[in-house]
Amino acid sequence: DESDTKLSDDEVSTLFAEHRVTVETVQKQQSRVVRALIKKHGVKQVFQERFTDAELPDYTKLIDVLRDFKKYLPTGDSGLDRFTRYQYATDLLQIGVPGQLLIDGHIKAVVPAEDAKAYEAANPVQADGRIVFDENANEARGDAIVNTMMKASGTAVIVLGGAHDLSDNLPAGVKLIVLTVKAYPGE
């Protein structure tokens, strides 16, 4: 809530609906870009931020459930059918573009980009609920993400939020190409 006044439930619902449309549009554009990279460079896996090795077993189960459930999505217009499709679409938004590409068979794997310790240290939400950004922890997180990606052979692709800049985390000789989709807010 960035407002100076309390928002009504209707205002919150409207803002959330607008945000959801933005996220859907950004992810559709990201998906087109990543699919083009997959095709051009023969990429078989995509790295995902906010995702650690410890979460991989549960993530794999979720992908399997969503892939199977896709086959049975209702097509009717009943309230339950519409709710089921909405919830499925919500789940797809939450797993992001790499998970969606995995479900659709465009890639063979989604690889956790995060080192658990560096990721946790960079979390800006303090135990008391305050938000405190630690630039050194964020740089260490960026270094850890790059180190993880350096283990890939050939072209490595990662989908990141727009606030990331890994350019100063790269070792010499590594080329970084940043693609920002038009629908990203502020672009």
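Attention here is on the structure that accompanies the text. What you are looking at is a predicted structure, and each value in this text was computed from that prediction instead of being measured. (Residues numbered from 1 in each chain as written. Predicted model: local features only at pLDDT ≥ 70, side-chain atom pairs only at ≥ 80, totals over all residues. Heavy atoms only, no water.)

This next bit is on helix 5 (residues 135-149). Between its first and last C-alpha, helix 5 extends 21 Å over 15 residues, near the 21 Å set by a 1.5 Å rise per residue. Regarding helix 5, the residues found buried are Ala 137, Arg 141, Gly 142, Ala 144, Ile 145, Val 146, Thr 148 and Met 149. Of the surrounding secondary structure, the elements contacted by the buried residues of helix 5 are strand 1 (45-48), strand 2 (109-112), helix 4 (116-121) and strand 3 (158-159). Among the residues of helix 5, the N-terminal cap falls to Asp 134, whose side-chain oxygen and the backbone nitrogen of Asn 136 are separated by 3.0 Å. (Helix = DSSP H or I, 4+ residues; strand = E, 2+ residues; numbered from the N terminus. Expected span 1.5 Å × (residues − 1). Buried < 20%, exposed > 50% of the residue type's maximum accessible area, 1.4 Å probe, protein only. Contact = heavy atoms within 4.5 Å. Polar contact = N/O pair within 3.5 Å; in protein donor to acceptor, adjacent residues only side chain to side chain.)

A cluster of nonpolar residues, Val 125, Ile 131 and Phe 133, forms a patch on the protein surface that exposes about 330 Å² of accessible area. Along the polypeptide, Ile 131 turns up in the loop between helix 4 and helix 5. (Patch = residues over 30% accessible without salt bridge, like charges linked within 9 Å, V, L, I, M, F, W, Y side chains within 5 Å. Areas by Shrake-Rupley, 256 points an atom, 1.4 Å probe, with all protein chains shown as cover. Salt bridge = Lys/Arg side-chain N within 4 Å of Asp/Glu carboxyl O.)

Relative to the helices and strands, Ala 156 is located in the loop between helix 5 and strand 3. Separated by 119 residues in sequence, Ala 156 and Leu 37 place their C-alpha atoms 9.7 Å apart. Apart from the residues lying within four places of it in its own chain, the contact partners of Ala 156 are Phe 47 and Met 149.

Attention now goes to the sheet that holds strand 3. Taking strand neighbours across the sheet as the criterion, the three strands line up as 2-1-3 in an open arrangement whose pairing is parallel. Whereas interior strands pair on both sides, the edge strands pair on one side only; in this sheet they are strand 2 and strand 3. The pairing of strand 1 with strand 2 spans four bridges and is classified as parallel. Counterpart to Gln 48 in the pairing with strand 2 is Pro 112. (Pairing = 2+ DSSP bridges.)

Further remarks concern the pattern of salt bridges. Under the defined criterion, the tally for this structure stands at nine salt bridges. For Glu 49, the salt bridge is made with Arg 141, and the minimal N-O distance between the two is 3.2 Å. On the criterion of sequence distance, the pair formed by Glu 49 in the loop between strand 1 and helix 2 (56-70) and Arg 141 in helix 5 is long-range, its members being 92 residues apart. Under the relative-accessibility criterion, Glu 49 is labelled buried at 6%. With a shortest N-O distance of 2.4 Å, Arg 141 and Glu 114 are connected by a salt bridge. Note that Arg 141 is positioned in helix 5 and Glu 114 in the loop between strand 2 and helix 4, a separation of 27 residues in sequence.

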